[in-house]
Amino acid sequence: MSCGGVYFSTDCVCVFVCKENMELWGSKKDDAEPLLRSLPTHRTFDYVLVADKVDNEQKTLRQEAFIAQLKKKNIHITRITHDNKDFFGIRAPSEMFEVYQYLLKVSDSCNCCGDEKGAVTQATRIRIVHFILHHTYINTGENLEELLMKDVFETMFCLHERKQQKELRKKWARWTALFSRQPVNDIKSYFGEKVALYYLWLAWYTKLLVPAAILGVIVFLYGLAFFNTNPLIKEVCESNITMCPRCEKRCGTWQLSDSCTYAKVTHLFDNEGTVAFAMFMAIWATLFLELWKRHRAKHVSKWKVYDWCEEEEELIMELVNDPNCKAKQFRHSYLRSTLVLILVTLMLMLIIGLAHALVVFRVVAAPLMSESKWEFLKDNANLVSVFLGAVLHYITIQIMTRKLNSLAATERSFTVKMFTFQFFTLFSSLFYVAFFLGRINGHPGNYVRLAGHRLEECHPSGCLTDLFIQMAVIMLLKQTLNNIVEFTVPWCKRLVNEKAAKKLERKCGHCYRKACREENGCIEPCDICKHREWLRNYHLASSDAFSLFNEFLEMVIQFSFTTIFVAAFPLAPLLALVNNIFEIRLDAIKMVRLEQRLVPKKTNDIGVWTKLLEAIGVLAVIANGLVIGITSDFIPRLVYRYHYGPCAKGKLDYTDCMEGYINDTLSTAYMNSSNFDAFINPWESYRDYRNENDYSLKSQFWMVLAVRFAFIILFEHVLVMCKFIAAWFVPDNPTQVKNERLQDKLTRLKHELR
């Protein structure tokens, strides 16, 4: 035992402080026994409660009652008053953790986690004390959560450890470590397994985005290579076809060649490479999840939490808190489930209604902007309305996200509900653009109207560009602005509140035995230094159980964007990759330097997020099959090449088999002057497969439709089969992990026999 510190000499007794166990011992000759055990055995406080000093007697009585209940459990309380606030430092006794370790050792699933022996880490202390605080009740039956809601206490937080915090800042939480490997073991020791698994998953996801991003760029460059030489683009740009007005009364006819730029942009994302890329991403999503399960298994096995059971640890902490506790009873209420189902349905209807409102906005905005005095707005009314619709959609997403957060926070298990709300908010408008835009608008003489205006039509080059614009705007705005707000808000709060903490700053060299500046010491610091440390943590941005949930939700939503409509936006994986490289460091800096310490949680998986990612992978197969089969022009081009084009008719002297394709997809209509104010030629063109006389659908329409459905069925069945084969081929648990776990169990059993 290495002891030192203060040494007092008397006639026959020497008194000294042991730095290992912080007990005061007396020694006479060779005998030693503890003289004073009241000194704290742990320097760092486990938790801090903060309350405003108020004249309200009821609140004061509740505060005192809660503190009294904690003292009954032998929890040490240190009270310091500053600036009309009471700070209560909470430190649990060592006996409490000895009981916890013993119960871990005799438990069924938690007996090999490594916490059942050796010193109790600060992360474990915080987790246990957090549980005890939330399961301590006063005589009125109120717990800490209810007292916080009633402003009896202002807030609660656990303290950062200065030494470990500095090490994490040096290794991880800094912008210069942007491309450095993450110290997941140090993160696990400081923030717990739950946070460590989040960063482990995020790093794995970012790593596997690299091949997806590279292939997406190749597909984009493939379209760019034929930007000026593609015959379909030439046909649009050199056309003299007059098109039907886009709206009634306000709009006039327009030339197909006016949309040359639009046709070029469409070809960048609607080409043969897109189909192969969509198939790759569907298989990529499956391989990513299966390889992640293996990656997770290696680390949770190394951390000794492979067989960890959260319910069993909760029972252990219940016993630590109250030896006479009773096991909680699981209950199910059909009435409650029915009410939740009704409320969720109503919320989804509201979200779908907002998507309809965005459609109305686009329908109304385009003709109004076509009357604008600004030449740019007048010439690009449709394109501007698409961009404005996307921006308005993003604003709607932000508003709904904040409202849904406040609603969902009342539920303990709300992950699936919250993800469902977010998903519908984000993708309802995208599904309209992908699968309904230009397909339910009718035809000349029988247009479908909404709010007195005709529904939007697809461009002659297809609707995929509208979907690309919508996705690009939302993804760029969401990632960029969210990251800016996510970082600047806690950073600004720290700058503003730092002044309050600096009022108590002083040099620790004048403190008792210089203990205040010894990060490895175990002597109790003075009240000023304790309070300064509490204030430093108090003025950081608050964090709670939803902080990590919000990070996971943000990344899973991004995963949805990266996979579901990737056929319309091959650059989505590249944007996600760039964002995630910065996201990892941004979250690290925020958690280590700008926010109060998260309560360390023990777990061995990312939970329900795995199931949601698997569901997204299946949905990605369906959505991309529908995008290629319905939204893009891949199938109509294929049918034209092999059934209606010049090569299909035996005219082999044609240099390109797609010549005349654009004209083939257009139908003509007689424009009556009583219906339209401005026209040059009474015969105008519009995009559809219809006869000139009665506007009935041509046989070519049914041919294309049949091939579309056949492709979708074939595409989805092939990819689903590939997903199952990939999932079977890559086992969840590596053989090495299985062997190591068996060897570890054998070693522990042999140890018990000794």
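Residues numbered from 1 in each chain as written. Predicted model: local features only at pLDDT ≥ 70, side-chain atom pairs only at ≥ 80, totals over all residues. Heavy atoms only, no water.

J.: Where do I start with the overall build of the protein in this structure?
T.: Summing up its helical and strand segments, the protein has 24 helices and 16 strands in all. Residue burial in the protein is summarised as follows: out of 754 residues, 50% are buried. Residue pairs at least 24 apart in sequence account for 75% of intrachain contacts in the protein once pairs closer than 6 positions are excluded. Accessible surface, the protein: about 37,800 Å² in total, of which carbon and sulfur atoms supply 59%. (Helix = DSSP H or I, 4+ residues; strand = E, 2+ residues; numbered from the N terminus. Buried < 20%, exposed > 50% of the residue type's maximum accessible area, 1.4 Å probe, protein only. Contact = heavy atoms within 4.5 Å. Areas by Shrake-Rupley, 256 points an atom, 1.4 Å probe, with all protein chains shown as cover.)

J.: How should the pattern of salt bridges be read in this particular structure?
T.: A side chain of one charge can pair with a side chain of the opposite charge when the charged atoms of the two come close. A complete count under the given rule lists 24 salt bridges for this structure. With its nearest N and O atoms 2.4 Å apart, the salt bridge here joins lysine 150 to glutamate 142. When the shortest N-O distance is used, the salt bridge between aspartate 587 and lysine 590 registers 3.9 Å. Of the two residues, aspartate 587 and lysine 590 are both situated in helix H19 (residues 572-594); the distance of three residues between them amounts to about one turn of the helix. Taken as a pair, aspartate 587 and lysine 590 share a single burial class, namely buried. Sharing partners across several salt bridges, the network here consists of Glu486, Glu551, Asp587 and Lys590. (Salt bridge = Lys/Arg side-chain N within 4 Å of Asp/Glu carboxyl O.)

J.: Would you take a moment to explain the state of the cysteines for this structure?
T.: Here, the word disulfide means a covalent bond between the sulfur atoms of two cysteines. This structure, assessed with the given rule, holds two disulfides. Residue pairing for cysteine 237: its cysteine sulfur links by disulfide to cysteine 260, the two sulfurs lying 1.8 Å apart. Its S-S torsion of approximately 80° makes the covalent link between cysteine 237 and cysteine 260 right-handed. On the criterion of sequence distance, the pair formed by cysteine 237 in helix H8 (residues 231-237) and cysteine 260 in helix H9 (residues 260-269) is long-range, its members being 23 residues apart. You can call cysteine 237 partly exposed: its relative accessible area is 23%. Each sulfur in the disulfide pair cysteine 647 and cysteine 657 lies 1.9 Å from the other. With the S-S dihedral at roughly -85°, the linkage between cysteine 647 and cysteine 657 falls on the left-handed side. In this pair, cysteine 647 sits in the loop between helix H21 (634-644) and helix H22 (661-664) while cysteine 657 sits in the loop between H21 and H22, placing the two residues ten residues apart along the sequence. (Disulfide = S-S within 2.5 Å.)

J.: Teacher, can you tell me more about the side chain of serine 685 here?
T.: Within the fold, serine 685 resides in strand E16 (residues 683-687). Those residues within four positions of serine 685 in sequence are excluded, and the remaining contacts are Ile241, Thr242, Met243, Cys244, Leu666, Ser667 and Thr668.

J.: Would you mind showing me how to read a nonpolar patch on the surface here?
T.: A contiguous nonpolar surface patch, about 630 Å² in accessible area, is contributed by Leu335, Leu339, Ile342, Leu343, Leu346 and Met349. Its location among the elements puts leucine 339 in helix H12 (residues 334-369). A residue is classified by how much of its surface remains accessible, and leucine 339, at 49% relative accessible area, is partly exposed. (Patch = residues over 30% accessible without salt bridge, like charges linked within 9 Å, V, L, I, M, F, W, Y side chains within 5 Å.)

J.: Before we go on, may I ask you to explain the UniProt feature "transmembrane region" (unreviewed entry) in the protein in this structure?
T.: The UniProt record marks residues 198-222, 274-292, 338-361, 381-400, 421-440, 556-582 and 705-730 with the feature "transmembrane region" (unreviewed entry), using the residue numbering of this structure. Between the first and last C-alpha atoms of residues 338-361 the distance is 35 Å; the span itself is 100% helix and 0% strand. (UniProt positions renumbered as here; feature names shortened; annotations may be inferred.)

J.: Can you help me understand the environment of asparagine 691 in this one?
T.: In this structure, asparagine 691 sits in the loop between E16 and helix H23 (699-729). Once the C-alpha coordinates of asparagine 691 and alanine 669 are considered, the two residues, 22 residues apart in sequence, prove to be 8.8 Å apart. Setting aside residues no more than four positions away along its own chain, asparagine 691 makes contact with Ser696, Leu697 and Lys698.

J.: Sorry, what's going on with the side chain of threonine 425 here?
T.: Along the chain, threonine 425 falls in helix H15 (residues 415-435). Among the residues examined, threonine 425 registers a relative accessible area of 5% and is labelled buried. A distance of 2.7 Å separates a polar atom in the side chain of threonine 425 from the backbone oxygen of phenylalanine 421. (Polar contact = N/O pair within 3.5 Å; in protein donor to acceptor, adjacent residues only side chain to side chain.)

J.: Is there a simple way to explain the packing of aromatic side chains in this structure?
T.: Aromatic ring pairs are defined here through the distance separating the ring centres and the angle between the ring planes. Counted by the stated rule, this structure contains 39 aromatic pairs. On the basis of an interplanar angle of 65° and a centroid distance of 5.8 Å, the ring pair of tyrosine 205 and phenylalanine 559 is categorised as edge-to-face. A residue pair is termed long-range when its members are at least 10 positions apart, and tyrosine 205 in helix H7 (residues 193-225) and phenylalanine 559 in helix H18 (residues 545-563) qualify at 354 residues. There is no split in this pair, since tyrosine 205 and phenylalanine 559 are both buried. Ring geometry for tryptophan 284 and phenylalanine 288: centres 5.6 Å apart, planes at 10°, overall stacked. On the criterion of helical spacing, the pair formed by tryptophan 284 and phenylalanine 288 is a turn pair, its members being four residues apart in helix H10 (residues 272-302). Put simply, the rings of Trp172, Tyr198, Tyr199, Trp201, Tyr205, Trp284, Phe288, Phe549, Phe552, Phe559 and Trp609 touch in pairs and so form one group of aromatic residues. For arginine 597, the ring lying beneath its charged end belongs to tyrosine 190, and the centroid distance is 3.9 Å. (Phe/Tyr/Trp six-rings, centres within 6.5 Å; stacked < 30°, edge-to-face > 60°. Lys NZ or Arg CZ within 6 Å of the ring centre and 35° of its normal.)

J.: Quick question: what am I supposed to make of the sheet that holds strand E5 (residues 47-52) here?
T.: The pairing of strands in a sheet happens through backbone hydrogen bonds and is either parallel or antiparallel. Taken together, the four strands give an open sheet; going across it, the order is E6-E7-E5-E8, and neighbouring strands pair in antiparallel fashion. Two strands in the sheet have a free side with no partner beyond their single neighbour: strand E6 (76-82) and strand E8 (155-157). Across the sheet, the axes of successive neighbouring strands diverge by a mean angle of 20°, strand direction being ignored. Where E6 meets strand E7 (residues 85-91), seven bridges bridge the pair, whose relative direction is antiparallel. (Pairing = 2+ DSSP bridges. Axes fitted to C-alpha atoms, helices over the stretch in contact; angles between N-to-C directions.)

J.: Got a minute to help me understand the nonpolar core in this structure?
T.: Soluble globular proteins tend to pack their nonpolar side chains together in the buried interior. By size, the foremost hydrophobic cluster in this structure holds 164 residues, and its most contacted members are Phe191, Trp201, Trp284, Leu467 and Phe565. For this core, the element with the most residues is H7, which contributes 16 residues. Contacts of phenylalanine 191, omitting those with residues within four sequence positions, involve Leu168, Trp172, Met591, Val592, Arg597, Leu598, Val599, Pro600 and Lys601. (Core = buried A, V, L, I, M, F, W, Y, C linked by side-chain atoms within 4.5 Å.)

J.: Any chance you could explain the pairing of E5 here in plain terms?
T.: A regular strand places its side chains on the two faces of the sheet in alternate fashion. Counting buried residues in E5 gives five out of six residues, a clear majority hidden from the surface. Taken together, the six bridges between E5 and E7 define a ladder with antiparallel strand orientation. Paired with valine 50 across the two strands is phenylalanine 87, which belongs to E7. Sheet topology note: the E5/E8 ladder contains three bridges and is antiparallel.

J.: How should I be thinking about the packing of helix H2 (residues 94-106) against helix H11 (residues 310-321) in this particular structure?
T.: Packed helices, taken two at a time, are described by the angle their axes make and the gap between the axes. Here H2 crosses H11 at 145°, and the two axes come no closer than 9 Å. In terms of crossing hand, the pair formed by H2 and H11 is right-handed. Between H2, through Met96, Val99, Tyr100, Leu103 and Leu104, and H11, the contact on the second element is made entirely by Glu313, Ile316, Met317, Leu319 and Val320. Class assignment of the residues belonging to the contact of H2 with H11 gives a composition of nine nonpolar, no polar and one charged. (Left-handed = near helix turned anticlockwise from the far one by under 90°. Nonpolar A, V, L, I, M, F, W, Y, C, P; charged D, E, K, R; others polar.)

J.: Where do I start with the environment of tryptophan 303 in this structure?
T.: Structurally, tryptophan 303 is set in the loop between H10 and H11. Taking relative accessible area as the criterion, tryptophan 303 reaches 4% and is therefore assigned buried. On a C-alpha basis, the gap between tryptophan 303 and glutamate 193 in space is 8.3 Å, while along the polypeptide they are 110 residues apart.

J.: I would appreciate a short explanation of the confidence of the model for the protein in the present structure.
T.: A low pLDDT means the predicted coordinates there should not be read in detail. Considering every residue of the protein, the mean pLDDT works out to 80; 83% of them sit at 70 or more. This stretch, residues 506-510, has a pLDDT under 50; its non-local contacts, to residues over four places away or in other chains, come to ten contacts. Every residue in residues 673-680 scores below 50 in pLDDT, and together they form twelve contacts with partners more than four places removed in sequence or on other chains. (pLDDT = per-residue confidence, 0-100.)

J.: Help me understand the pairing of E7, please; the structure alone is not making it clear to me.
T.: Of all seven residues in E7, seven are buried, a share of seventy percent or more. Burial along E7 is two-sided: the face carrying Lys85, Phe87, Gly89 and Arg91 and the face carrying Asp86, Phe88 and Ile90 are both buried. Connecting E6 to the antiparallel partner E7 that follows it, the hairpin turn spans two residues, and aspartate 83 within it adopts a positive phi of roughly 55°.

J.: Is there a simple way to think about unusual backbone geometry in this case?
T.: Among all residues except glycine, the phi angle is most often negative; among peptide bonds, the trans geometry is most common. Backbone geometry at lysine 304 places phi at a positive 65°, although glycine is not the residue there. If you trace the backbone, lysine 304 turns up in the loop between H10 and H11. Residues other than glycine seldom take positive phi values, yet tyrosine 695 does so here, at roughly 60°. Within the element layout of this structure, tyrosine 695 appears in the loop between E16 and H23. For tyrosine 695, a relative accessible area of 17% corresponds to the buried category.

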